[in-house]
Amino acid sequence: MALSGIQIYKLLPQTNCKECGFPTCLAFAMKLAAKQVELASCPYVSEASKAQLAESSAPPIRLVSLKADGREVKAGNEVVLFRHEKTFYNKPGVFVKLADSLSEAELQAALKAVEAFHVNYVGIDLSLDGFAVENVSGDGARFAAAVKTVRAHSKRPLILLAGEAGLAAALPLLAGETPLVGPATDGNWQALAALAKEHKAALLVQGESLDALAELSEKIKGAGLEDLVLQPVAATLAGKLALNTHIRRLALKKNFRPLGFPTLAVAGSAEEAVQAVTKYAGFIILERFAPELAYPLLVLRENIYTDPQKPIQVQPGVYEINNPKPTDPVLVTTNFSITYFSVANEVESSGLPAWLVVVDAEGMSVLTAWAAGKFDAERIAKSFRTFNMADKVSHKRLVLPGHVAVLSGELEAELPDWEIRVGPREAVDLPKFMKQAL
Ligand code: SF4
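A quick note: this is a predicted structure, and the numbers were derived from the prediction, not measured. (Residues numbered from 1 in each chain as written. Predicted model: local features only at pLDDT ≥ 70, side-chain atom pairs only at ≥ 80, totals over all residues.)

**Structural notes on the overall build of the chain**
Link 1 in the chain: Secondary structure summary: the chain contains 17 helices and 17 strands in total.
Link 2 in the chain: Along the first, second and third principal axes, the C-alpha atoms of the chain reach 80 × 65 × 40 Å.
Link 3 in the chain: Going through the 438 residues of the chain one by one, you find that 39% of them count as buried.
Link 4 in the chain: Considering only residue pairs separated by 6 or more positions, the chain has 63% of its internal contacts joining residues 24 or more positions apart. (Helix = DSSP H or I, 4+ residues; strand = E, 2+ residues; numbered from the N terminus. Buried ≥ 20, exposed ≤ 12 C-beta atoms within 10 Å, placed from the backbone. Contact = placed C-beta atoms within 7 Å.)

And the structure:
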């Protein structure tokens, strides 16, 4: 049962020493009750109080990490139901299912395709997180052989979908790793919990209702296992949405510990995968690998799991496009990723060489930054001086984005030696402008 702020305060030293960063123990207690700080921030809590506060200070959704060869896929530790309230923290790990009924050649081909899949989205490298090997054959030895093949061709974290025999055969192959194993059900949980405990694995807990999941997770916790992942099972998209939303709501709003774990979703279609990313899977298993689904899914994940208050940015600086010479044009834009890549991609694909000066506009697009006073003549001039543009080119001519033509007068005053040209409003029109006007 969660403690109130006053109950927590009574267990603190009450010296108001401020070392936790709060002016009083009461202020710290209130933040702890709201799950906004860690108990470890107070160095003076007695061991007896720590034991009593452990329950209250634990995150409402436990952090579970799958690990292999230095790679880590984390889920949990989320604090809000809706992204706009604050942010979502740990992106759901996306795994590709591989059946142990595949031949060795088929397994290797599937592994190779996923391992080769890398895309770059606004400067971020995207790839899949791991594999979920399924014991379709029902044969423990065959399952272990499939896991061995996967491990020989990939270092990514694993999920092992198997019963007792399959896990007993395969888990010794993954010493030093933390895979997710299961699913544990009412019928097999004791054996699977014992194996997960022995091999330091996280355990998948499967159930068709909130009651069934809560009951089973409590039994497994009672057996000494803490790292659990819930797999709510429903026949329809709507059913899955309802179960996942209830789990998240009960964990966050009611601090209901039996459901305070990340969840796993198995996605057989694009709709299921999209729903899993948005509501609220911690781990997602794709039934099959298809690059045309993986790419938009990873982009969606990136967009959902970025802090809405922190735009994706590129480093301010001078970017050389198509090996420019000192006589080539100088373009100016802001450091909002999508703005930068729109401009850079248009110029790069045209084959025209240019110097692109990216001004620190706190990650905002051209018009937004201008309206917010973050992209003005002073900042642009300062960037030109900081990046020594006068030494890089043999001319003094710069192209201002058309949307901020209004800045040209002020910029002439800030950079008196430079000729200011007003470029097009849209990046797509830049190549034509560069050919005709420069
Ligand atoms: S560090 Fe501990 S004792 Fe000091 S003010 Fe914070 S809660 Fe109180």
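Having put the structure on the table, let's press on.
**Observations concerning the sheet that holds strand S17 (residues 419-422)**
Link 1 in the chain: The five strands lie next to each other as S13-S15-S14-S16-S17, forming an open sheet whose pairing is mixed. The strands lining the two open edges of the sheet, one partner per strand, are strand S13 (317-321) and S17. Here the average twist between neighbouring strands, direction ignored, is 30°.
Link 2 in the chain: One ladder, built from five bridges, connects S13 with strand S15 (residues 354-359); its direction is antiparallel. Looking across to S15, one finds that Val318 is bridged to Val357.
Link 3 in the chain: The strands touched by helix H14 (residues 377-386) within the sheet are strand S14 (330-334) and S15, with S15 carrying the most contacts at an inclination of about 125°. (Pairing = 2+ DSSP bridges. Axes fitted to C-alpha atoms, helices over the stretch in contact; angles between N-to-C directions.)

**With respect to the domain arrangement of the chain**
A common way to express how large an interface is: the accessible area buried when the components associate.
Link 1 in the chain: Each assigned domain of the chain is listed with its residue range as follows: domain 1 (5-57), domain 2 (64-304) and domain 3 (317-437).
Link 2 in the chain: Taking only C-alpha atoms into account, the centre of domain 1 sits 34 Å from that of domain 2. (Domains from an automatic or database assignment.)

**Things to note about unusual backbone geometry**
Link 1 in the chain: Look at the link from Gly182 to Pro183: it is a cis peptide, with omega at 10°.
Link 2 in the chain: Mapped onto the elements of the fold, Pro183 is located in strand S8 (residues 180-184).
Link 3 in the chain: Cis geometry marks the peptide bond from Lys279 to Tyr280, where omega comes out at -15°.
Link 4 in the chain: Inspection of the secondary structure assignment puts Tyr280 in the loop between helix H10 (270-278) and strand S12 (283-286).
Link 5 in the chain: Positioned with a positive phi, Lys200 is a non-glycine residue whose angle comes to about 55°.
Link 6 in the chain: You can see Lys200 is positioned in the loop between helix H7 (189-198) and strand S9 (202-207).
Link 7 in the chain: Here Lys200 falls in the partly exposed class, since 15 other C-beta atoms lie within 10 Å of it.

**Digging into the sheet that holds strand S11 (residues 264-267)**
Link 1 in the chain: Spatially, the eight strands line up as an open sheet ordered S10-S9-S8-S7-S6-S3-S12-S11, and their pairing is parallel. Both outer strands of the open sheet, strand S10 (228-232) and S11, are each paired with one neighbouring strand and no more. In this sheet, adjacent strand axes meet at a mean angle of 25° when their direction is disregarded.
Link 2 in the chain: In this structure, S8 lies alongside S9, joined through three bridges in parallel fashion. Counted as the bridge partner of Leu180 is Ala202 from S9.
Link 3 in the chain: Of the strands in this sheet, S10 and S11 are in contact with helix H9 (residues 237-253), which crosses S10 at around 145°.

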